[in-house]
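Chain by chain, the residues:
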Amino acid sequence: MRVIAIDPGNKESAYCIMCAETFEPLDFGKVENHMLRHYIRDLWQFDEIDCVAIENLQSYGNLIGRDVLDTAQWIGRLYECFTRKTIRDLQLIYRMAVKVHICQDSRAKDTNVRRALIDRFALHDLKNGKGTKKNRDWFYGFKADCWAAYALGVTYIETILER
């Protein structure tokens, strides 16, 4: 079963398609939002996705700016792309749930989440989990928000699919 996890942004979003059985990242990247919508449509043509997890915004009582509102609009647009086709499951998951699941701490930062993922999945490059071009490790090619998308996928698989 294939899962796509999306970490949305106001202009670009990170995504990670992964195997639910092995947690192997099959495809990932960070692209402009309108390009991601085209990519999603292409995935549907070949029935390559079974489940979807999209990170959702959560209010902490602070003032928000235009970037946050733009991100909220893109979450809705991406969500809508997946409602047009029958899939097994479509979930919006808060970042707090990811932090608690991966690090067992709601105050964890992105670096803590990344470190926990490397400790769990890296095979030989225990420093950054990527390896080299000749000796690739689990996270070879990961950058920026791809880590957050992968963590979202792991959380989704272990907390929602495994119920």
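The structure under discussion appears in the preceding block.
In this numbering scheme, every chain counts its residues from 1 along its sequence in written order. A pLDDT threshold of at least 70 governs which residues receive local features in this predicted model, and a stricter bar of 80 or more applies before side-chain atom pairs are shown or counted, although totals over entire chains, interfaces and linings include all residues. The basis for the side-chain values is all heavy atoms of the structure; hydrogens and waters are excluded.

K.L.:
An account of the nonpolar core is requested, with residue identities and associated values reported.
P.N.:
Here, nonpolar core refers to any group of buried Ala, Val, Leu, Ile, Met, Phe, Trp, Tyr and Cys residues whose side-chain atoms link them within 4.5 Å. The buried label applies to any residue whose accessible area, calculated with a 1.4 Å probe on protein chains only, is under 20% of its type's maximum; exposed applies above 50%, and partly exposed to all values in between. If you look at the biggest cluster of nonpolar residues, it comprises 32 residues, and the most contacted ones within it are Leu117, Tyr150 and Tyr156. Every helix listed is a DSSP run of H or I at least four residues long, and every strand listed is a run of E at least two residues long, numbered separately from the N terminus. When residues of this core are traced back to their parent elements, those giving at least two are strand 1 (2-7), strand 2 (12-19), strand 4 (51-56), helix 3 (95-103), helix 4 (110-121) and helix 5 (146-161). Per-element accounting of this core gives the leading share, 11 residues, to helix 5. Apart from the residues lying within four places of it in its own chain, the contact partners of Tyr156 are Val3, Cys51, Val52, Ala53, Asp89, Gln91, Ile93 and Leu161. One finds Ile4, Ile6, Leu36 and Ile87 within the second-largest nonpolar core, a separate group that totals 16 residues. It only takes one pair of heavy atoms within 4.5 Å for two residues to be counted as in contact.

K.L.:
Give a detailed account of the side chain of Ser13, specifying residues and quantitative values.
P.N.:
If you trace the backbone, Ser13 turns up in strand 2. Given a relative accessible area of 0%, Ser13 falls into the buried group. Identification of polar contacts relies on pairs of N or O atoms within 3.5 Å, with a donor-acceptor requirement for protein atoms, meaning one able to donate a hydrogen and the other able to accept it, and with residues adjacent in sequence counted only if both atoms are side-chain atoms. Here the side chain of Ser13 touches Asn33 through a polar contact of 2.5 Å, side chain to side chain. In this view, Ser13 contacts Ile6, Asp7, Pro8, Gly29, Lys30, Val31, Asn33, Leu36 and Leu78; residues no more than four positions away in its chain are not counted.

K.L.:
Pulling in residues and values, what's your account of the packing of aromatic side chains?
P.N.:
Any two aromatic rings considered together are summarised by their centre-to-centre distance and by the angle between their planes. Here a pair means two rings of Phe, Tyr or Trp (six-membered ring of Trp) with centres within 6.5 Å. Their orientation is stacked below 30 degrees between planes, edge-to-face above 60, and tilted elsewhere. Applying the stated rule across the entire model yields 11 aromatic pairs. When the centroid spacing of 5.8 Å and the interplanar angle of 50° are considered together, the rings of Phe23 and Phe121 count as tilted. Taken together, the residues Phe23 in the loop between strand 2 and strand 3 (25-32) and Phe121 in helix 4 connect sequence positions 98 residues apart. In this pair, the class of Phe23 matches that of Phe121, namely buried. Members of the aromatic cluster, each reached through a chain of ring pairs, are Phe23, Phe28, Phe121, Trp138, Phe139, Phe142, Trp147 and Tyr150. Over the ring of Trp74 we find Arg77, and its NZ or CZ is 4.6 Å from the ring centre. We count a charge as sitting over a ring when the NZ of a lysine or the CZ of an arginine lies within 6 Å of the ring centre and within 35 degrees of the ring normal. Arg120 extends its terminal NZ or CZ atom over the ring of Phe23, reaching a point 5.3 Å from the ring centre.

K.L.:
Explain the pattern of salt bridges to me, and be specific about the residues and the numbers.
P.N.:
We define a salt bridge as a side-chain nitrogen of Lys or Arg found within 4 Å of a carboxyl oxygen belonging to Asp or Glu. Taken as a whole and judged by the stated rule, the model has six salt bridges. Close ionic contact of Asp70 with Arg66 constitutes a salt bridge, the shortest N to O distance being 3.9 Å. Separated by four residues within a single helix, Asp70 and Arg66 lie in helix 2 (residues 66-83), roughly one turn from each other.

K.L.:
Run through the sheet that holds strand 3, naming residues and quoting values.
P.N.:
In this description, strands pair whenever DSSP reports at least two bridges between them. Strand order across the open sheet formed by five strands is 3-2-1-4-5, with mixed pairing between neighbours. Strand pairing shows two members of the sheet lacking a second neighbour, strand 3 and strand 5 (89-94), which therefore form its edges. Across the sheet, the mean angle from the axis of one strand to that of its neighbour is 15°, orientation sign disregarded. As defined by bridge partners, strand 2 adjoins strand 3 across seven bridges and the pair is classed as antiparallel. Note that in strand 3 the partner of Glu12 across the bridge is Glu32. A fitted line through C-alpha atoms represents every axis, and for helices the fit uses only the stretch in contact; the resulting angles, taken between N-to-C directions, go from 0 to 180 degrees.

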